[in-house]
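Structural description and commentary
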Amino acid sequence: MPPTASHTPTVLLAEDDRAIRNALERALTLEGYRVTAVADGVEALAQAHRSRPDVLVLDVMMPGIDGLQVCRVLRAEGDRTPVLMLTALVETADRIAGLDAGADDYVVKPFDVEEVFARLRALLRRAAPASAPAAGSASAPAAGSASAPAAGSASGPVPGTGEPSARGAAPETTGTPGRSGTPGRSGTPGRTGASNGRPGASAAGRFVEAAGLRMDPRARRAWRGRRELELTRTEFELLELLIRNAGIVLDHSTIYDRIWGYDFGPGSKNLAVYVGYLRRKLDEPGAPQLIHTVRGVGYVLRED
């Protein structure tokens, strides 16, 4: 969780520019974080293996092993620690490369430290364990939410500046699919009720399902029919958002806000890339496509 009187999150900061590294280390420490600062990717990996931090802040362009490679290695090892990238690269393709490497968010240099604080708070909230549902509740636990970047700060800018899941058959659950309610943040269930023959997401105990898909948010596992899906963290959260709002068209801005915490802008292809990943993993020969594009608006999950 973000810094509180009873909890001090640990941050592993990897930045080869000494001035930026020192300034950001001081700022994070004053904000209430416990910071370990290193100068390159080799040190970052070594430190991450010695003592797992609550969150990593990685510069993309470091000599030797860069931030992207560090992120790929950790993800390949099954380490799901949230990663915030620092980058001077502003092209959409560069941002997508960072997210595809396993990063959860990024900040473009030159940046304001208040924006870094806001994005770290969002990542830590999403990574916090979800509370168990009350007895008899039909809702799955909330997976967390993301916050939009903070507005400008008087502190000023700093100078210079897909996890595979275990295979297995889907467990049996009971219950009739309900009708989803208004869109919510990723991991936040919509209201459910009688299906009346209409598409929607149901939450029978710990499972949510719609359109032949079933998910266990607590175990972070998903199935289409009897086939288990291997999804990265972002793919899982995107699919969960669509299932919980099955039959409802979610616009691009809503999806960006719920999954990444902010809108990449109309020129970004990041969402389309991840929808493409999901479709390839969901689609089956002879079976109907589940994720539909509503041109000029967004995406909807339905079985037709």
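Residues numbered from 1 in each chain as written. Predicted model: local features only at pLDDT ≥ 70, side-chain atom pairs only at ≥ 80, totals over all residues. Heavy atoms only, no water.

We now examine unusual backbone geometry. Even without a glycine there, the phi angle at A211 is positive, about 50 degrees. Relative to the elements of secondary structure, A211 occurs in the loop between β7 (207-210) and β8 (213-216). Residue R220 is not a glycine yet carries a positive backbone phi of 55 degrees. Summarising the element assignment, R220 is placed in the loop between β8 and β9 (221-224). Residue classification places R220 among the partly exposed residues on the basis of a relative accessible area of 32%. (Helix = DSSP H or I, 4+ residues; strand = E, 2+ residues; numbered from the N terminus. Buried < 20%, exposed > 50% of the residue type's maximum accessible area, 1.4 Å probe, protein only.)

The side chains of a regular strand alternate, residue by residue, between the two faces of the sheet. Every second residue of β8 is oriented toward a common face, with L213 and M215 on one face and R214 and D216 on the other, all of them buried. The pairing of β7 with β8 spans three bridges and is antiparallel. Across the sheet, E209 pairs through a bridge with R214, a residue of β8. Here β7 folds back onto β8 in antiparallel fashion, the turn holding two residues, of which A211 has a positive phi close to 50 degrees. (Pairing = 2+ DSSP bridges.)

The next subject is helix α8 (residues 270-282). Compared with the 18 Å implied by 1.5 Å per residue over 13 residues, the 19 Å span of α8 between its first and last C-alpha is a close match. Taken together, the buried positions of α8 are N270, L271, Y274, V275, G276, L278, R279 and L282. (Expected span 1.5 Å × (residues − 1).)

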